[in-house]
Amino acid sequence: MNVLFLSPGFPTEMTDFVRGLAEVGANVIGLGDQAEGNVPDKARNALAAYYQVSFGDPAAIIETALAIASRIRVDRVESLWEPLMIMAARLREELGLPGMTVVETVPFRDKEAMKQVLDEAGVRTPHHYRARTSYEVRHALERIGFPAIVKPIAGAGSADTYRINDASQAEAVIGVLGHIDEVSVEEFVDGEEFTFDTICAGGRILFHNMCWYRPRPLIGKQNEWISQQTVVLRNPDVDHLAAGAQMGQRVLEAMSFRDGFTHMEWYLKPDGEAVFGEIGARPPGGRTVDAMNFASDIDLFRWWAEAIVNGRIKDRLERKYNCSTVFKRAIGDGSIQGYSGLDRLLAEFGQYVAAVELNPIGAPRRNWRQQLIGDGMVVIRHPDLQSCIDIADRFGTDFQIYAG
Ligand SMILES: Nc1ncnc2c1ncn2[C@@H]1O[C@H](COP(=O)(O)OP(=O)(O)O)[C@@H](O)[C@H]1O
Ligand SMILES: [Mg+2]
């Protein structure tokens, strides 16, 4: 099978998806905006060919893809990076290939179109409106009431997302929304936040996963001192999360999803009701695929590739651990000066630590507002959930990174 893969070298995870495709026997042709020499070795070694394009020039991308298709048979176009999903769909249409069309992709990108499709299918979404002007935001808030959420229609990483508790906060938020064309105004849903992630083939779920966000991402985004955690749950099939899994299946059906990775977020209210959050036709970010691999000692990059190429996954899944990724933010500004508490924690809990990746001493402190990983991450795994989060919390509180 010949697979045209968009952006094989960036973000980092893509290199492993390309490797997975090559391992299951696919011929991978890369189309990226990096110079070939800058594509990381892992991806470059797995590629049969590479073409450099500018992602800002869709016409040139289509032209390049058509030129490739005139020389060899292209069977599939794949992209697992959110900004390129629509481009991938356009290429499929241009090349007459199966897979998601533009019309099928838009509801995965536009948070209002998404909820409209799901409302029609009877899925519980937060009460919501699309708004393009201050007037429309105020009007939506009148109908929804407080507290409410305002967020970009195609946002990511909780950027420009605000909880609004009263009319004066509404005016303050409206004042800073000027640079965003369109927002979603939503009922604020109180509760805990989980994911439902899958790998599908032919519309069947071949693998599913649930993560628990600690705390809710918007809280983590607003409080610099928090070490956000993403916890891959060893048992995603427990009774109190079943409403989320059922919703996940209905969402995939309603959105006509067939092949590849999906990442849904949902809210569990204190009364047990599951409420839809959002869904992407791609894997979760924040290095969560790595954490899912650590949780079961598997290679989901390759499993995804198998699902795409062969329509099935032959390995058996044994869920072994809960796995929490703890994201750290340095204290202070400037460059990284040192770490404190890590040695002691590693001496105590080393056997439960699957990975440690830190911004090195001397490197500039990273902008925690712009990316989840911050200045480092520690991956904890333990068969027992309470033990896993207890240890993860110790790395949250007793390990600090200093900048100056
Ligand atoms: N309707 C809502 N009720 C409560 N919290 C919300 C709501 N919408 C968004 N949030 C909070 O904001 C975060 C980011 O919103 P989300 O829709 O997931 O966008 P993205 O992750 O693409 O930035 C969520 O993880 C959640 O913590
Ligand atoms: Mg989200």
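A quick note: this is a predicted structure, and the numbers were derived from the prediction, not measured.

S.K.: Mind showing me how you'd approach the overall build of the protein chain here?
M.R.: When its secondary structure is counted, the protein chain shows 14 helices and 19 strands. Over its C-alpha atoms the protein chain spans a radius of gyration of 22 Å, differing by no more than 12% from the 22 Å that the globule rule assigns to 404 residues. Counting only C-alpha atoms, the protein chain reaches 60 × 55 × 45 Å along its principal axes. Here the contacts in the protein chain between residues at least 6 apart in sequence split such that 66% fall between residues at least 24 apart.

S.K.: I would appreciate a short explanation of the pairing of strand 2 (residues 27–32) in the present structure.
M.R.: One face of the sheet, then the other: side chains in a regular strand alternate in exactly this way. Within strand 2, five of the six residues are buried, which leaves it mostly tucked inside the rest of the structure. As defined by bridge partners, strand 1 (residues 2–6) adjoins strand 2 across five bridges and the pair is classed as parallel. Its bridge partner being in strand 2, Phe 5 is matched across the sheet by Gly 30. In the classification by handedness, the crossover that spans strand 1, the intervening helix 1 (residues 13–23) and the parallel strand 2 is right-handed. Across five bridges, strand 2 lies against strand 3 (residues 47–52) in parallel orientation. Along strand 3, the bridge assignment pairs Val 28 with Leu 47.

S.K.: Mind showing me how you'd approach the sheet that holds strand 4 (residues 76–78) here?
M.R.: Sheet strands pair by backbone hydrogen bonding; their relative direction is either parallel or antiparallel. The four strands lie next to each other as 3-2-1-4, forming an open sheet whose pairing is parallel. In this open sheet, the two edge strands, each paired with only one partner strand, are strand 3 and strand 4. Here the average twist between neighbouring strands, direction ignored, is 20 degrees.

S.K.: Sorry, what's going on with the site of ligand 1 here?
M.R.: Close contacts around ligand 1 come from 19 residues, with Glu 186, Val 189, Arg 216, Pro 217 and Leu 218 the closest. Within the residue set of the shell around ligand 1, elements represented by two or more residues are strand 6 (148–152), strand 8 (183–187), helix 9 (217–222) and strand 14 (274–280). A breakdown of the residues in the shell around ligand 1 according to their chemical character gives seven nonpolar, five polar and seven charged. Shared between two domains, the shell around ligand 1 takes at least three residues from each, and those domains are domain 2 (127–187) and domain 3 (189–320).

S.K.: Would you mind going over the packing of helix 1 against helix 12 (residues 300–310) with me for this structure?
M.R.: Relative placement of two packed helices is described by the angle separating their axes and the distance separating the axes. As a packed pair, helix 1 and helix 12 sit with axes 8 Å apart at the nearest point and diverge in direction by 55 degrees. Looking at the two axes, helix 1 sits oblique to helix 12. Where helix 1 crosses over helix 12, the handedness of that crossing is right-handed. Residues Asp 16, Phe 17, Arg 19, Gly 20, Leu 21 and Glu 23 of helix 1 form the contact with helix 12, whose own contacting residues are Phe 301, Arg 302, Trp 304, Ala 305 and Val 309. When its residues are assigned to classes, the contact of helix 1 with helix 12 shows six nonpolar, one polar and four charged.

S.K.: Please clarify how the sheet that holds strand 5 (residues 128–131) should be interpreted in this entry.
M.R.: Pairing is antiparallel in the open sheet, where four strands are placed in the order 5-8-6-7. In this open sheet, the two edge strands, each paired with only one partner strand, are strand 5 and strand 7 (162–164). Across this sheet, the average inter-strand angle for adjacent strands is 25 degrees, counted without regard to direction. Inspection of the sheet shows strand 6 paired to strand 7 by three bridges, in the antiparallel sense.

S.K.: Explain the environment of Asn 27 here, please?
M.R.: The residue Asn 27 is located in strand 2 in this model. With 225 residues separating them along the chain, Asn 27 and Leu 252 place their C-alpha atoms 29 Å apart. In contact with Asn 27, not counting residues within four places along its chain, are Met 1, Asn 2, Val 3 and Ala 48.

S.K.: Just to check I follow, could you spell out helix 7 (residues 134–144) for this structure?
M.R.: In an α-helix, one turn spans 3.6 residues, which is why side chains three or four residues apart end up on the same side. All of the buried residues along helix 7 are Val 137, Ala 140 and Leu 141. Looking down the long axis of helix 7, one finds its buried residues gathered within 100 degrees of arc, a one-sided arrangement. Looking at helix 7, the residues exposed on the side facing more than 90 degrees away from the buried face are Tyr 135, Glu 142 and Arg 143. The inward-facing, buried residues of helix 7 contact strand 5, strand 6, strand 7, helix 8 (167–176) and strand 8. One or two positions beyond helix 7, positive phi appears at Gly 145, with a value near 85 degrees.

S.K.: Looking at this model, I keep getting lost on the nonpolar core. Mind explaining?
M.R.: Nonpolar side chains in soluble globular proteins generally cluster together in the buried interior. Val 18, Val 28 and Trp 304 are the most contacted members of the largest nonpolar core, which has 90 residues in total. Ranked by residues supplied to this core, first place goes to helix 12 with seven residues. Residues within four places of Val 18 in sequence aside, it is in contact with Phe 5, Pro 8, Val 28, Gly 30, Ala 43, Ala 46 and Leu 47. Ala 148, Ala 170, Val 183 and Val 185 belong to the second largest nonpolar core, which has 12 residues in total.

S.K.: Got a minute to help me understand the domain arrangement of the protein chain in this structure?
M.R.: Interface size, as often reported, equals the accessible area lost upon joining of the parts. Assigned domains of the protein chain: these are domain 1 (2–99), domain 2 (127–187), domain 3 (189–320) and domain 4 (322–404). Here domain 2 and domain 3 have C-alpha centroids that lie 27 Å from each other. With four residues of domain 2 at the interface, the matching set in domain 3 holds four residues. Its residues placed into classes, the side of domain 2 that touches domain 3 shows no nonpolar, two polar and two charged.

S.K.: Just checking my understanding: could you explain the packing of helix 3 (residues 58–71) against helix 4 (residues 85–95) for this structure?
M.R.: Taken N-terminus to C-terminus, the directions of helix 3 and helix 4 make an angle of 45 degrees; their axes are 10 Å apart at the nearest point. The angle between helix 3 and helix 4 places the two elements in the oblique class. Note that helix 3 runs across helix 4; the crossing there is right-handed. Across the interface between the two elements, Pro 58, Ile 61, Ile 62, Ala 65, Leu 66 and Ala 69 from helix 3 touch Met 87, Arg 90, Leu 91, Glu 94 and Leu 95 from helix 4.

S.K.: What's the story with helix 14 (residues 385–398) in this structure? I'm lost.
M.R.: Helix length check: helix 14, at 14 residues, gives a terminal C-alpha distance of 20 Å against a target of 20 Å (1.5 Å per residue), a fit within 8%. Buried positions along helix 14 lie against strand 12 (229–232), strand 15 (322–328), helix 13 (342–349) and strand 18 (376–382).

Definitions and cut-offs
Residues numbered from 1 in each chain as written. Chains lettered and ligands numbered in written order. Predicted model: local features only at pLDDT ≥ 70, side-chain atom pairs only at ≥ 80, totals over all residues. Helix = DSSP H or I, 4+ residues; strand = E, 2+ residues; numbered from the N terminus. Rg over C-alpha atoms; globule rule 2.2 N^0.38 Å. Contact = placed C-beta atoms within 7 Å. Buried ≥ 20, exposed ≤ 12 C-beta atoms within 10 Å, placed from the backbone. Pairing = 2+ DSSP bridges. Right-handed = clockwise from strand over helix to strand, strands pointing away. Axes fitted to C-alpha atoms, helices over the stretch in contact; angles between N-to-C directions. Near = placed C-beta within 6 Å. Nonpolar A, V, L, I, M, F, W, Y, C, P; charged D, E, K, R; others polar. Domains from an automatic or database assignment. Parallel < 35°, antiparallel > 145°, perpendicular 65-115°, else oblique. Left-handed = near helix turned anticlockwise from the far one by under 90°. Arc of directions from axis to C-beta. Core = buried A, V, L, I, M, F, W, Y, C linked by C-beta atoms within 7 Å. Expected span 1.5 Å × (residues − 1).

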